[in-house]
Amino acid sequence: MDEPSMPTPPAHSPGPPAPPIPLTELLASKDLGLRRIAGPADADLLWVHTSEMADPYPYLLGGELLLSAGVLLTDPDHYVARLVEAGAAALGFGVRPVHETVPEALIEACDRYGLPLLEVPPETPFTAIARAVWRLMAEARHRELRRVTRAQQALATAAARPDPVPAVLHQLAAQLSGRAVLLTGRGEEVHAAGRRPPPEAAAALARLARVVARERPGSPASATDTHAGTHLAAYALGGGEGLALALATRRREAGDHTVAGIAVVLLSLLAAPHQGADAADRSAALVRLLLGATPAEVAPLLGSPGPWTVIHARRSDGTTADALTAGALGASLGSALVDAGREGDDTIRVLLPSTAGEATREAVGGEAPARREVTPQPGGGEEPPTPPQAPAVTPQPGWTLGVSTPTPLAALDSADLRAARALAHAEATRAPLTVDTPVTGLAALIPPDQAAAHARTLLAPLTPPLADTLRCWLSLHGSWDRTAVALAVHRNTVRQRIGRCAVLLGVDLNDMDVRTELWFALRQE
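**What to know about the pattern of salt bridges**
Evaluated as defined, the whole model comprises 19 salt bridges. The salt bridge involving R82 is made with E85; its shortest N-O contact spans 3.4 Å. Remark: E85 and R82 occur in helix α2 (residues 76–86); sequence separation between them is 3 residues, near one turn of the helix. Look at R82 and you get buried, because its relative accessible area is 16%. Between E100 and R96 there is a salt bridge whose closest N-O contact spans 3.3 Å. Via salt bridges that share partners, R161, D163, R315 and D317 belong to a single interconnected network.

**Examining the packing of aromatic side chains**
What the rule picks out here adds up to 1 aromatic pair. Aromatic side chains W473 and W480 sit 5.4 Å apart centroid to centroid with 35° between the ring planes, which places their arrangement in the tilted category. On the basis of relative accessibility, which here comes to 22%, the residue W480 falls in the partly exposed class. The lysine or arginine in question, R82, covers the ring of Y57, its NZ or CZ lying 4.0 Å from the ring centre. Sitting over the face of the ring of W399, R315 holds its NZ or CZ atom 5.6 Å from the ring centroid.

**A short note on the side chain of S335**
Here S335 lies in the loop between α10 (323–333) and β14 (338–339). Taking the relative accessible area as the measure of exposure, S335 reaches 3% and is therefore buried. Separated by 3.1 Å, the side chain of S335 and the backbone nitrogen of L337 make a polar contact.

Rules used throughout
Residues numbered from 1 in each chain as written. Predicted model: local features only at pLDDT ≥ 70, side-chain atom pairs only at ≥ 80, totals over all residues. Heavy atoms only, no water. Salt bridge = Lys/Arg side-chain N within 4 Å of Asp/Glu carboxyl O. Helix = DSSP H or I, 4+ residues; strand = E, 2+ residues; numbered from the N terminus. Buried < 20%, exposed > 50% of the residue type's maximum accessible area, 1.4 Å probe, protein only. Phe/Tyr/Trp six-rings, centres within 6.5 Å; stacked < 30°, edge-to-face > 60°. Lys NZ or Arg CZ within 6 Å of the ring centre and 35° of its normal. Polar contact = N/O pair within 3.5 Å; in protein donor to acceptor, adjacent residues only side chain to side chain.

Purely geometric stuff here, so don't read any function into it on its own.
Pasting the structure below:
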């Protein structure tokens, strides 16, 4: 029996170590012989407590199944009222030896206050009920851990997809059987997945997201609410400034908060700006460019003086990538310098700096080389440092890439053009990645200025669209269909343009010597 003391409000507990147990599960244990004789059937049990106090209010935390034989029960109405005030989940009343049956006044009071009342038969010890509740809690905890583990694996797999942010939201919505939305601090929808809630609940969800969006000091990290039976929750993302994950579900189950927490961590990492170059330095570089500095002057702030590689990328399935997905691609390639596309153009452009002092990883699955040792040289000097090396670009699942050769800052515009051509070639040949190869071999023996002058003279009759079509057609070995795919035009248009080129140049394009000379000239541009 509890020791008496002055009544005080129940202390707040951090919560149970296991998920709550529905009362219906305990009643389903036939060996206990429990019978609900009053109050509602729905209740969640967090604890089991036995007390014969006339007023056990000071000793309850809330959520208990209180077991009592009614030794000091004198005023059932006041007794039940105090239990409800303390937050008890249910009352289990044991018959015999004190009471032969459950007092009628107690049944009426439980019905009146909405407290579930269980009749405990004489042959069922209170300890057996407690043991059954702990067993059910252990089983529920095990189910919750298995569910969280499966959800974590599914969310991690989604985060590795080419479109990680939408994929994580879709997987989260499936795991919670609800709606998952990525919102800005102003309530604007960035991505969403799952069944759309009613308009009123959606508006309440947007308001909840604004509460946690970190656009003002002191904003909470998370918030919850309920609207017309829909459970709402919002979580601030640590990496995305002002972004919030908002959830709307029809029911709330054990482990939901943990699963949502895993998604918050993943989305925070995916939405965070890549830290390969310091954000302050990038801002400084932009300001200096706007104020008239040259690219060569600001390049060191971006992590490398050069050379630089330009990458053009498009989604392999033809969909348009958003800014977050483009940023995730940049992070996979190792650069924070990403252009998420222009209006009417779904091409993502990434500027990749060279790596200084260390070789890059091997093209497929290689390990980073060990740190380079400095070798003393005769005369007391040291071996000169390793020059910057071009990064090895690897294919990215779900993307088609066109890559330029490493280029000095002064020639980035031409590298951008070559990356665009490489992307067109990759799409035409259905290759995941095409790298624009530099001029080598015999062609490299001719002085560049003389080669450029010859190319200008030879190709002078051609307009830029005709020259681009001829270059693409030659690079694809005269394939009409692949050239049409690469240029996004009809194959008859390709035939007409190539025919026009032959007329303007006055040559036979079936002649291999002619094709070779034209290809040499087109490569100079």
